[in-house]
Amino acid sequence: PATRTLRYSDAMPVHVVDHPIAQDALAALRRSTTDAREFRRNAARLTTTLAVEATRTLRTRNAEVETPLGQASARLVHGEIVIVPILRAGLSMLDPLLSLLPSARVGYIGLQRDERTAVASSYYRKLPKQVADARVLLVDPMLATGGSAINALDLLKGVGATETALLCMVATAEGLSAVEAKHPRTAIYTAAVDPILNGQKFIVPGLGDFGDRLYGTD
Ligand code: PRP
Ligand code: URA
């Protein structure tokens, strides 16, 4: 199967996307010799495979379309979709998602982990006005302590979001449990669950600092 489901609690299960393309892209992202160009390309490949799984349950409506040879029954994606990347690293996931969901609205949440404490604080927020009836896809490639995701989900809940899914590339069991404890109704999709966080709260083996590798900063 392309997806394994894990349970850390009675909350929504965590979906680990085992699809061969997802795992191939993840390997490239993890490899320390991958340069920024290849890193960006594989971030997009991985996002697409995660998105296919995470959008399986989108609402659709029945329709009829005219083909050159007659009428066909069709199903169209239906309902509001809002994509929310957490800056900066989540930006790598935005364009591939918009390619699949071209009518989605986009909100931004800027969060930065303190280098010493690893606690995330918010520096920017711009969200669409109506999110209560929308399917909200929160995207951030790294789920380490879970602090950033919890901060963003608190914010989304605060503006009325009810149906949220979190798409990430590498998570930890610790981070997943923390998110589930605070937001048990959020569906989580990831390509990997890594074993540990080091002293600086970096995921091991992980892939390093995603934002720095994406943008060539350090
Ligand atoms: C990274 C990453 C997540 C967060 C995960 O962002 O993109 O947002 O850390 O860690 P957590 O689960 O322990 O909160 P960072 O703060 O380094 O900012 P950046 O994306 O701008 O590099
Ligand atoms: N953020 C990253 O980019 N990498 C980690 O391992 C943890 C947080």
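Here the structure is shown first, and the text comes after it.
Residues numbered from 1 in each chain as written. Chains lettered and ligands numbered in written order. Predicted model: local features only at pLDDT ≥ 70, side-chain atom pairs only at ≥ 80, totals over all residues. Heavy atoms only, no water.

Caption draft 1: Examining the packing of aromatic side chains more closely. Applying the stated criterion across every chain yields a total of 1 aromatic pair. Here arginine 113 stacks its cationic end above the ring of phenylalanine 202, 5.3 Å away from the centre of that ring. (Phe/Tyr/Trp six-rings, centres within 6.5 Å; stacked < 30°, edge-to-face > 60°. Lys NZ or Arg CZ within 6 Å of the ring centre and 35° of its normal.)

Caption draft 2: Quick look at the site of ligand 2. In the neighbourhood of ligand 2, the contacting residues comprise Arg113, Met142, Ala144, Lys201, Phe202, Ile203, Gly208, Asp209 and Phe210. Contacts to ligand 2 include isoleucine 203, whose backbone N or O atom sits 2.8 Å from an oxygen atom. Within the backbone of glycine 208, a nitrogen or oxygen atom sits 2.8 Å from a nitrogen atom of ligand 2. Across the shell around ligand 2, the residue classes break down as 5 nonpolar, 1 polar and 3 charged. (Near = heavy atom within 4 Å. Polar contact = N/O pair within 3.5 Å; in protein donor to acceptor, adjacent residues only side chain to side chain. Nonpolar A, V, L, I, M, F, W, Y, C, P; charged D, E, K, R; others polar.)

Caption draft 3: A look at helix α5 (residues 173–182). Residues of α5 that are buried include every one of Gly175, Leu176, Val179 and Glu180, and no others. The arc that holds every buried residue of α5, seen down its axis, measures 130°, which confines them to one face. Facing away from the buried side of α5 by over 90 degrees, the exposed positions are Ala181 and Lys182. (Buried < 20%, exposed > 50% of the residue type's maximum accessible area, 1.4 Å probe, protein only. Helix = DSSP H or I, 4+ residues; strand = E, 2+ residues; numbered from the N terminus. Arc of directions from axis to C-beta.)

Caption draft 4: Region of the structure containing the site of ligand 1. Near ligand 1, the surroundings consist of 16 residues, among which Arg113, Asp140, Thr145, Gly146 and Ser148 are the closest. Contacts to ligand 1 include glycine 146, whose backbone N or O atom sits 2.8 Å from an oxygen atom. Computed on the free molecule, ligand 1 has an accessible area of 500 Å², of which 93% lies beneath the protein chains in the complex. Those elements that place two or more of their residues in the shell around ligand 1 are β7 (108–113), β10 (142–143) and α4 (147–158). Ranked by residues supplied to the shell around ligand 1, first place goes to β7 with 3 residues. Grouping the constituent residues of the shell around ligand 1 by class yields 6 nonpolar, 6 polar and 4 charged. (Areas by Shrake-Rupley, 256 points an atom, 1.4 Å probe, with all protein chains shown as cover.)

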